[in-house]
Amino acid sequence: MNTPTILIVDDESDNFDVISVLLSNQDYQLHYIDGAQRVIASLDIIQPDLILLDVMMPDIDGIELCKQIRSIPKWQATPITMVTALTRKEDLARCLNAGADDFISKPLNGLELRARVTSML
């Protein structure tokens, strides 16, 4: 069985560090992109099995990027979990309406993150 590949998209490298620590005892290959600009071009190279996507980023936010990813037929079935500090139900609904499969709230809890990643894979 192949090691699942997870693409983490976040403009803050500290958030990648947190996720990598929380998933360190799991058998995942983690890739990090520090913003939305290079994600679309990198999908075919990275071939993610799951995308963890920050919502609040400069330039293109995670909701818009989620829509862009979903517009590409090859990536429509790849699970996308939004990682967000937003808590309003309207914001979470926007994530789901953009094509996200799930969301997880910041600050991240290791037990919840591992469970959500496992359920998406």
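For the structure itself, look to the data block above.
What comes next concerns the included structure. Worth saying up front: this structure is predicted, and the values here are computed from it rather than measured.

## Digging into helix H1 (residues 13–22)
Okay, step 1: The complete set of buried residues in H1 reads Phe 16, Ile 19, Ser 20 and Leu 22. All buried residues of H1 fall inside an arc of 165° around its axis, so they share one side. Residues of H1 that are exposed and angled more than 90 degrees away from the buried face: Asp 14 and Val 21.
Okay, step 2: Where H1 is buried, its residues meet strand S1 (5–9), strand S2 (29–33), strand S3 (50–54) and helix H5 (110–120).

## A closer look at the nonpolar core
Okay, step 1: Ranked by internal contacts, the top residues of the largest apolar core, which has 23 residues, are Leu 53, Leu 65 and Met 82.
Okay, step 2: Elements supplying a minimum of two residues to this core: S1, helix H2 (39–46), S3, helix H3 (62–70) and strand S4 (80–84).
Okay, step 3: Looking at which element gives the most residues to this core, the answer is H3, with four residues.
Okay, step 4: Residues Tyr 28, Ile 104, Leu 113 and Val 117 belong to the second largest nonpolar core, which totals 13 residues.

## Quick look at the side chain of Asp 54
Okay, step 1: For Asp 54, the location among the structural elements is in strand S3.
Okay, step 2: On the basis of relative accessible area, Asp 54 is assigned to the buried category, the value being 4%.
Okay, step 3: One polar contact links Asp 54 to Lys 106, side chain to side chain, over a distance of 3.0 Å.
Okay, step 4: Not counting the four nearest positions on each side in its chain, Asp 54 is found in contact with Val 9, Asp 10, Asp 11, Gly 62, Val 83 and Lys 106.

## Details of the sheet that holds S4
Okay, step 1: The strand order across the open sheet built from five strands is S2-S1-S3-S4-S5, with neighbouring strands paired in parallel fashion. Two strands bound the open sheet, and with one partner strand each, they are S2 and strand S5 (102–105). The mean angle between the axes of side-by-side strands here comes to 20°, regardless of whether they run parallel or antiparallel.
Okay, step 2: Pairing geometry for S4 and S5, over four bridges, is parallel.

Here is what the cut-offs are and how they apply
Residue indices follow the written sequence of each chain, beginning from 1 at its first position. Predicted model: local features are reported for residues with pLDDT of at least 70 only, side-chain atom pairs are reported and counted for 80 or more only, and whole-chain, interface and lining totals are derived from all residues. Calculated side-chain values reflect all of the structure's heavy atoms, with hydrogen atoms and water omitted. Exposure is judged per residue with a 1.4 Å probe applied to protein chains only, and the accessible area is read against the type maximum: over 50% gives exposed, under 20% gives buried, and values in between give partly exposed. The way it works is that DSSP assigns letters per residue, a run of H or I at least four long becomes a helix, a run of E at least two long becomes a strand, and they are numbered from the N terminus. The arc under discussion is defined with respect to the helix axis, by the directions toward the C-beta atoms. Contacts are residue-level and defined by heavy atoms, with any inter-residue pair within 4.5 Å sufficient. Residues grouped as a nonpolar core are buried Ala, Val, Leu, Ile, Met, Phe, Trp, Tyr and Cys residues, joined through side-chain atoms within 4.5 Å. For the purposes of these results, a polar contact is taken to be a pair of N or O atoms within 3.5 Å, where, inside protein, one atom must be able to donate a hydrogen and its partner to accept one; residues adjacent in sequence count only when each atom of the pair is a side-chain atom. For two strands to count as paired, DSSP must find a minimum of two bridges between them. Helix axes use the C-alpha atoms of the stretch in contact, all axes being lines fitted to C-alpha atoms, and the angles between their N-to-C directions lie in the range 0 to 180 degrees.

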